[in-house]
Amino acid sequence: MEKSPTLSESKLICFHCGDTVRGERVEQDGKLFCCSGCKIVYEILQQNNLCNYYALQQTPGISPSTIEVSRFSFLDDEKIQQQLLDFTDGKTASVTFSLPAIHCSSCIWLLEQLYRLDSGVIQSRVDYLKKQVFIRFDLSKSSLKNIVVLLSTVGYEPELQLDAVDKKLESEKTRSLYYKIGVAAFCFGNSMLFSFPEYLGVDATESFLRPIFSYLNLLLAIPVFFYCSADYFVSAYGGLQKKIVNIDVPIALGIILLFGRSVYEILTQTGPGFVDSMSGLLMFLLLGRVFQSKTYDRLNFERNYKSYFPLSITVKKNGVETTVPISSLKRGDRIIIRNNEIIPADGMVLRGNAAIDYSFVTGESTPIEKVLGEMIYAGGKQAGGMIELEVTKEVSQSYLTQLWNNFNNSIREKGELSELSNSISKYFTFVVLVVSLGVLLYWLPKDSTTAINAFTGILIVACPCALAISIPFTLGMTLRIFGRNNFYIKNTSVIETLSKIDTIVFDKTGTITHAQQASVEYIGTELTDEERLGTFSLAKNSIHPVSKMIADHCKGEQITVENFSEQISKGISGTINSKIYRLGSQGFAGHGILPKGTVNETRTYLSINGEVKGYFSIKNIYRDGLDAILLSLKKKVQFSVVSGDNESERVRLQSIFPKGTDLQFNQTPIDKLNYVKSLQSQGKKVLMIGDGLNDAGALLQSNLGIAVSENVSQFSPSSDAIIGGDSFRKIAEFIQFASLSMKIIISSFAFAFIYNLFGIYFALQGELTPIMAAILMPASSITIVFFTTISTQLFAKKRGLL
Amino acid sequence: MAVIALLIGFSFIIAVGFLAAFLWAVKSGQYDDKYTPSVRMLFDDNDTIK
């Protein structure tokens, strides 16, 4: 077992979760914990002999949030159970949970030992990459609620979603791709074998072998044509119906001709056919698809408002509280909202002091006070005590829902198909058709057999497999490289868009500044230890974000606060050790101190017993590497900043961003969306970088929306790409690498072109033989696979991305 | 040369066997999660470290 961190070590870290231990110390068995939550998990594991958890990885744990069992009481509702369970037969049930907290091998180990913590669990299996756990349990010994509570207690709170996307369909899709590759590879290998005697020359005495082998080849061609190629025909047909010549049109044409000519040659015994070339081609094409289809299963890019809402809500009817699913909430229901709960429907305050934090909708995190009888819009978060609301509009008609629907309706669907390949294939198909028809007309009067041979030969050899292979391989590699650097993109077409960006719009809070961190500095008379702890205890009583930051700054042992009172947007006060502490705005606690100087900081004043001690200066911290990003992209890209906050940071932003950067303040989510729209109407290709909360609309509207998230696995907003906060500084490299990938694709066309010219030279004369096709086509595919893979890797290494 | 017909016949049958095995492996979900089993196999069966 690894040596556990002891108390004497200079850096004190939690034995369970590895966080630095600050303030209150929690100890157990000589091990140090950062909070009682971590200690409880340790105790549970220790009692059940599960401490191997700590041996597999050091400090593997997740600090659990406080769990109120009542919060999960809706899981006893049968309707909700039906929607969450995968399967139940009345005795046992199985369920698949998404656990964003899964992060190491210890997690896998612990979660697969769940049966030792709850005897009702029959089996639990983790899918690490999807961050899911599949649990089968005995309904007589345990319940869905018990399991969710257990998981939450040990720090793995499941992400519960009723309208979960059909992940099963997705896995069926990948499976069918694997089946197709298997069949194509099988047919490719065997038809090569059957073609060898023909290529090597069969002497006259053995000529009876020839028809046997060619008929066997024909047999192999059937599944390849009807099963493996089906997707290409469907896609080509779909494209043609929309009057688009997509990349699959020339491919489908090539496959049809390969098959048609093979069938004809074999049935008339005039030649061996092209079955091996056809199956080989299909195998490479499908392999390319596997490469490209890699997506991040655990990330959900298609979030809607529902995923932010709770699953159920407490309704009070005739004095009795019940939990009901949100969808069955009706007008006139009385609902109860507790501290930190999100309001799911527009309503009117009936009881309690409402202080609503609308940061999710507007970006402004200072709670807004609402009095009895006032309207509250859905999407806000209650900060403070319990309140009661009367629902005035159903969930589907609330303000927030409509806002989302507006976003979604106004935004055109972003195409998945690559623009590049589509524009190339359009001209390519046209040119190939013209050339082959010309050749057909040239030969027809002289020799009809050669005419047909030349015509089909050109179409076969010109089949743009290089195009169809180089794009998925290069982009698939790029997607993987990005993923390794904590930059997750929705699909490969994002890379192409990223390479063409000429304008970047940044959101301020949470994007270019750290979301939770700010630098807090105390300026004034030095505080004694007692005074510091007093300030901490006072600030700890308030949930205002500024109070939280000050509390973090003064962290220590908590002292009882008497007569605590909070005046919204003014400050807080209380009596500690018979001294009156006041913390708040200048008018509230800062009488007599120097007037505000520059406006680029927020000041909170502190007074004790009426004597002003000083103030806490709170500044946003800008992310590391912002300067470097701006510097390296300055020449290529124009910047803008849109912020929901006030202008207090204008001066500082002006000094950071290059001259001419447009800075917009006091922007609502709709304003941000319209700002992006106006840039687009000037023909700009806009990359929007935001935090995905209040700028979701702008992210969707932009050509490419990247959401910055501190914890990629725990929160994935609606966007085209998600980037981890730590990787923010690499954005410039990502953009440059995207254009590099596009260059790799274009140069691989050059390779393919040489092969094609060679083949066409023979095809023109009607002399494209099956053996030539059998060598040329796989050779060109393999060259391209090697070229793209190696060059992508090399460039990534050079840029420090690998 | 006639023996080639026989050999190819055999090789074809074996190849069909491999194809069937591959299709079965995909169907039984072995390609659904290609990472977790690699970690799982390293855990000891009876580990009760205190």
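Keep in mind it's a predicted model, so treat the numbers as computed, not measured.

A. Region of interest: the overall build of chain A. Check the secondary structure of chain A and you find 25 helices and 28 strands. Counting every position in chain A, which comprises 802 residues, the buried fraction comes to 53%. If you take every contact in chain A between residues at least 6 apart in sequence, the share linking residues at least 24 apart comes to 65%. Here chain A has roughly 36200 Å² of accessible surface; of this, 54% comes from carbon and sulfur atoms.

B. Seen up close, the pattern of salt bridges. Residues and elements named next belong to chain A. As enumerated under the stated definition, the model contains 18 salt bridges over all chains in all. Among the salt bridges present, the one from Glu496 reaches Lys500, with a minimum N-O distance of 3.4 Å. Residue class for Glu496 comes out buried when judged on its relative accessible area of 4%. With a relative accessible area of 36%, Lys500 lands in the partly exposed category. A salt bridge links Lys579 to Glu530; the nearest nitrogen and oxygen atoms lie 3.7 Å apart. Separated by 49 residues along the polypeptide, Lys579 in strand β21 (residues 579-584) and Glu530 in helix α17 (residues 529-540) bring together distant segments of the chain. Judged by relative accessible area, which is 26%, Lys579 ranks as partly exposed.

C. Region of the structure containing the interface of chain A and chain B. Of the residues lining the interface, 30 residues belong to chain A; the matching set on chain B comes to 28 residues. Taken over both partners, the interface formed by chain A and chain B buries close to 2900 Å², and the fraction arising from carbon and sulfur atoms is 68%. Where chain A touches chain B, the interface holds two salt bridges. Two residues, Arg40 of chain B and Glu112 of chain A, come together in a salt bridge whose shortest N-O distance is 2.6 Å. On the surface where chain A and chain B come into contact, there are six residue pairs in polar contact (both at pLDDT 80 or more). Counting residues per element, the ones that place at least two in the side of chain A that touches chain B are α2 (52-56), α4 (105-112), β5 (121-127), α6 (167-200) and α7 (209-228) of chain A. The dominant element in the side of chain A that touches chain B, judged by the number of residues it contributes, is α6 of chain A, at nine residues. When the residues that make up the side of chain A that touches chain B are grouped by side-chain class, the tally is 19 nonpolar, five polar and six charged.

D. Structural view of the pairing of strand β24 (residues 638-642) of chain A. Residue and element names in this part refer to chain A. For β24, the tally of buried residues reaches four of five residues, placing the bulk of the element in the interior. As judged from the five bridges shared by strand β17 (residues 503-507) and β24, these two strands associate in the parallel manner. Note on β24: the bridge partner recorded for Asp507 is Val642. Examined bridge by bridge, β24 and strand β25 (residues 662-664) share three bridges and lie parallel to one another. Bridge pairing in β25 places Ser640 opposite Asp662. The β-α-β motif built from β24, the intervening helix α21 (residues 650-656) and the parallel element β25 has right-handed crossover chirality.

E. Region of interest: the packing of helix α10 (residues 275-293) of chain A against helix α14 (residues 465-484) of chain A. All names here are of chain A. Viewed as axis vectors pointing N to C, α10 and α14 meet at an angle of 25°, and their least axial separation amounts to 8 Å. The orientation of α10 relative to α14 falls into the category roughly parallel. Along this stretch, α10 crosses α14, giving a crossing that reads as left-handed. Contacts from Leu281, Phe284, Leu285, Leu287, Gly288, Phe291 and Gln292 in α10 reach Cys465, Ala468, Ile469, Ile471, Pro472, Phe473, Gly476, Met477 and Arg480 in α14. The residue inventory of the contact of α10 with α14, partitioned by class, reads twelve nonpolar, three polar and one charged.

F. Looking closely at the packing of aromatic side chains. All names here are of chain A. Taken as a whole and assessed by the stated rule, the structure comprises 30 aromatic pairs over all chains. Note on Phe225 and Phe226: the rings are 5.0 Å apart at their centroids and 90° apart in plane angle, and the pair reads as edge-to-face. Through pairs of rings, three or more aromatic residues link up here, namely Phe15, Phe33, Tyr42, Tyr53 and Tyr54. Residue placement shows Lys131 over the ring face of Tyr128; its charged tip is 6.0 Å from the ring centre. Above the face of the Trp443 ring, Lys446 is positioned so that its terminal group lies 5.8 Å from the ring centre.

G. Summary view of the sheet that holds strand β3 (residues 85-88) of chain A. All names here are of chain A. With antiparallel pairing, the four strands of this open sheet are ordered in space as β3-β4-β6-β5. The two strands at the open ends of the sheet, each matched to only one other strand, are β3 and β5. Sheet twist, expressed as the average angle between the axes of neighbouring strands with direction ignored, equals 10°. Pairing analysis gives seven bridges linking strand β4 (residues 92-98) to strand β6 (residues 132-138), with the strands arranged antiparallel. Each residue of the ladder has a partner; that of Ser94, found in β6, is Arg136. Here helix α5 (residues 144-153) sits on the sheet and contacts β3, β4, β5 and β6; the angle it forms with β4, its principal contact strand, is near 35°.

Quick notes on the rules
- Residues numbered from 1 in each chain as written.
- Chains lettered and ligands numbered in written order.
- Predicted model: local features only at pLDDT ≥ 70, side-chain atom pairs only at ≥ 80, totals over all residues.
- Heavy atoms only, no water.
- Helix = DSSP H or I, 4+ residues; strand = E, 2+ residues; numbered from the N terminus.
- Buried < 20%, exposed > 50% of the residue type's maximum accessible area, 1.4 Å probe, protein only.
- Contact = heavy atoms within 4.5 Å.
- Areas by Shrake-Rupley, 256 points an atom, 1.4 Å probe, with all protein chains shown as cover.
- Salt bridge = Lys/Arg side-chain N within 4 Å of Asp/Glu carboxyl O.
- Buried area = accessible area lost by both parts, 1.4 Å probe.
- Polar contact = N/O pair within 3.5 Å; in protein donor to acceptor, adjacent residues only side chain to side chain.
- Nonpolar A, V, L, I, M, F, W, Y, C, P; charged D, E, K, R; others polar.
- Pairing = 2+ DSSP bridges.
- Right-handed = clockwise from strand over helix to strand, strands pointing away.
- Axes fitted to C-alpha atoms, helices over the stretch in contact; angles between N-to-C directions.
- Parallel < 35°, antiparallel > 145°, perpendicular 65-115°, else oblique.
- Left-handed = near helix turned anticlockwise from the far one by under 90°.
- Phe/Tyr/Trp six-rings, centres within 6.5 Å; stacked < 30°, edge-to-face > 60°.
- Lys NZ or Arg CZ within 6 Å of the ring centre and 35° of its normal.

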